[in-house]
Amino acid sequence: MQKPSDQWKKLRRAALERARRNMIEPLEVVHLALLGASALYLAGFLRLNLFGQTGEFSLVSGAFILLAAAAGLLVPVLTGSALTLHFTDRRLGKLLRE
(Lines give C-alpha, C1' and ligand atoms only; values in the text may rest on other atoms or scores of the structure.)
Protein backbone atom coordinates (compact mmCIF):
# COMPACT_ATOMS: atom_id res chain seq x y z
CA MET A 1 0.00 0.00 0.00
CA GLN A 2 1.34 3.41 -0.94
CA LYS A 3 1.90 6.18 1.55
CA PRO A 4 -0.49 9.12 1.26
CA SER A 5 0.85 12.05 -0.71
CA ASP A 6 1.53 15.44 0.81
CA GLN A 7 -1.37 16.90 -1.16
CA TRP A 8 -3.72 14.29 0.35
CA LYS A 9 -2.45 15.03 3.87
CA LYS A 10 -3.01 18.78 3.38
CA LEU A 11 -6.48 18.20 2.00
CA ARG A 12 -7.39 15.87 4.87
CA ARG A 13 -6.09 18.31 7.47
CA ALA A 14 -7.98 21.22 5.88
CA ALA A 15 -11.20 19.18 5.84
CA LEU A 16 -10.81 18.21 9.49
CA GLU A 17 -10.04 21.79 10.54
CA ARG A 18 -13.06 23.05 8.63
CA ALA A 19 -15.27 20.41 10.23
CA ARG A 20 -14.06 21.49 13.65
CA ARG A 21 -14.56 25.16 12.86
CA ASN A 22 -18.06 24.65 11.42
CA MET A 23 -19.41 22.00 13.78
CA ILE A 24 -17.63 22.08 17.13
CA GLU A 25 -16.94 25.76 17.80
CA PRO A 26 -20.53 27.02 17.27
CA LEU A 27 -21.84 24.32 19.63
CA GLU A 28 -19.50 25.23 22.49
CA VAL A 29 -22.36 27.30 23.91
CA VAL A 30 -23.78 23.95 25.08
CA HIS A 31 -21.09 23.89 27.79
CA LEU A 32 -22.19 27.30 29.05
CA ALA A 33 -25.84 26.27 28.98
CA LEU A 34 -25.00 23.15 31.01
CA LEU A 35 -23.08 25.26 33.52
CA GLY A 36 -25.97 27.71 33.86
CA ALA A 37 -28.61 25.01 34.18
CA SER A 38 -26.53 23.13 36.76
CA ALA A 39 -25.97 26.28 38.80
CA LEU A 40 -29.65 27.20 38.72
CA TYR A 41 -30.70 23.66 39.66
CA LEU A 42 -28.19 23.55 42.52
CA ALA A 43 -29.32 26.97 43.78
CA GLY A 44 -32.95 25.85 43.74
CA PHE A 45 -32.12 22.58 45.44
CA LEU A 46 -30.15 24.31 48.20
CA ARG A 47 -32.77 27.00 48.68
CA LEU A 48 -35.62 24.53 49.03
CA ASN A 49 -33.80 21.96 51.16
CA LEU A 50 -31.57 24.05 53.40
CA PHE A 51 -33.37 27.34 53.79
CA GLY A 52 -36.95 26.14 53.55
CA GLN A 53 -39.95 28.39 53.09
CA THR A 54 -40.04 31.28 55.55
CA GLY A 55 -43.54 32.49 54.75
CA GLU A 56 -46.21 32.33 52.14
CA PHE A 57 -45.39 31.62 48.56
CA SER A 58 -44.95 34.68 46.41
CA LEU A 59 -44.86 35.07 42.68
CA VAL A 60 -41.06 35.31 42.75
CA SER A 61 -40.61 32.13 44.79
CA GLY A 62 -43.04 30.27 42.54
CA ALA A 63 -41.18 31.43 39.43
CA PHE A 64 -37.88 30.37 41.00
CA ILE A 65 -39.25 26.91 41.76
CA LEU A 66 -40.46 26.53 38.17
CA LEU A 67 -37.08 27.70 36.82
CA ALA A 68 -35.23 25.28 39.07
CA ALA A 69 -37.50 22.43 37.95
CA ALA A 70 -36.95 23.32 34.28
CA ALA A 71 -33.20 23.45 34.87
CA GLY A 72 -33.40 20.05 36.54
CA LEU A 73 -35.05 18.65 33.42
CA LEU A 74 -32.43 20.25 31.15
CA VAL A 75 -29.37 18.99 33.04
CA PRO A 76 -29.49 15.36 31.80
CA VAL A 77 -30.18 16.40 28.21
CA LEU A 78 -27.41 19.00 28.19
CA THR A 79 -25.02 16.59 29.90
CA GLY A 80 -25.44 14.08 27.09
CA SER A 81 -24.99 16.78 24.49
CA ALA A 82 -21.92 18.23 26.19
CA LEU A 83 -20.30 14.80 26.54
CA THR A 84 -20.96 13.99 22.89
CA LEU A 85 -19.48 17.34 21.89
CA HIS A 86 -16.44 16.80 24.10
CA PHE A 87 -15.67 13.32 22.77
CA THR A 88 -16.21 14.43 19.17
CA ASP A 89 -13.81 17.32 19.71
CA ARG A 90 -11.23 14.97 21.21
CA ARG A 91 -11.61 12.58 18.27
CA LEU A 92 -11.16 15.39 15.74
CA GLY A 93 -8.13 16.63 17.65
CA LYS A 94 -6.65 13.14 17.58
CA LEU A 95 -7.23 12.87 13.83
CA LEU A 96 -5.63 16.29 13.32
CA ARG A 97 -2.50 15.25 15.22
CA GLU A 98 -1.97 12.17 13.02
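Thresholds applied
Residues numbered from 1 in each chain as written. Predicted model: local features only at pLDDT ≥ 70, side-chain atom pairs only at ≥ 80, totals over all residues. Heavy atoms only, no water. Helix = DSSP H or I, 4+ residues; strand = E, 2+ residues; numbered from the N terminus. Rg over C-alpha atoms; globule rule 2.2 N^0.38 Å. Polar contact = N/O pair within 3.5 Å; in protein donor to acceptor, adjacent residues only side chain to side chain. Patch = residues over 30% accessible without salt bridge, like charges linked within 9 Å, V, L, I, M, F, W, Y side chains within 5 Å. Areas by Shrake-Rupley, 256 points an atom, 1.4 Å probe, with all protein chains shown as cover. Salt bridge = Lys/Arg side-chain N within 4 Å of Asp/Glu carboxyl O. Lys, Arg positive; Asp, Glu negative; His and termini not counted. Charge placed at Lys NZ, Arg CZ, Asp CG, Glu CD. Buried < 20%, exposed > 50% of the residue type's maximum accessible area, 1.4 Å probe, protein only.

S.K.: How should the overall build of the protein be read in this particular structure?
M.R.: Within the protein, the secondary structure is distributed over three helices and zero strands. Ordering the α and β elements of the protein from the N terminus gives α-α-α. The C-alpha radius of gyration computed for the protein amounts to 22 Å, which surpasses the reference 13 Å derived for 98 residues by more than 25%, pointing to a less compact arrangement than a globule. With respect to the three principal axes, the spread of C-alpha positions in the protein is 75 × 20 × 15 Å.

S.K.: Looking at this structure, I do not really get the side chain of serine 61. What am I missing?
M.R.: Position of serine 61 among the secondary structure elements: in helix H3 (residues 59–97). A polar contact is formed between the side chain of serine 61 and the backbone nitrogen of serine 58, at a distance of 3.0 Å.

S.K.: Any chance you could explain the environment of leucine 74 here in plain terms?
M.R.: Structurally, the position occupied by leucine 74 is in helix H3. Between the C-alpha atom of leucine 74 and that of glutamate 56, which follows or precedes it by 18 residues, the distance is 28 Å.

S.K.: When you look at a positive patch on the surface in this model, what are you seeing that I'm missing?
M.R.: A grouping of Arg90, Arg91, Lys94 and Arg97 is seen on the molecular surface, where their side chains present a positively charged patch. When its relative accessible area of 67% is taken as the criterion, arginine 97 is described as exposed.

S.K.: Even after reading the chapter, I still don't get the environment of glycine 62, so can you show me in this structure?
M.R.: Note on placement: glycine 62 falls in helix H3. With 42 residues separating them in the primary sequence, glycine 62 and arginine 20 have C-alpha atoms 42 Å apart.

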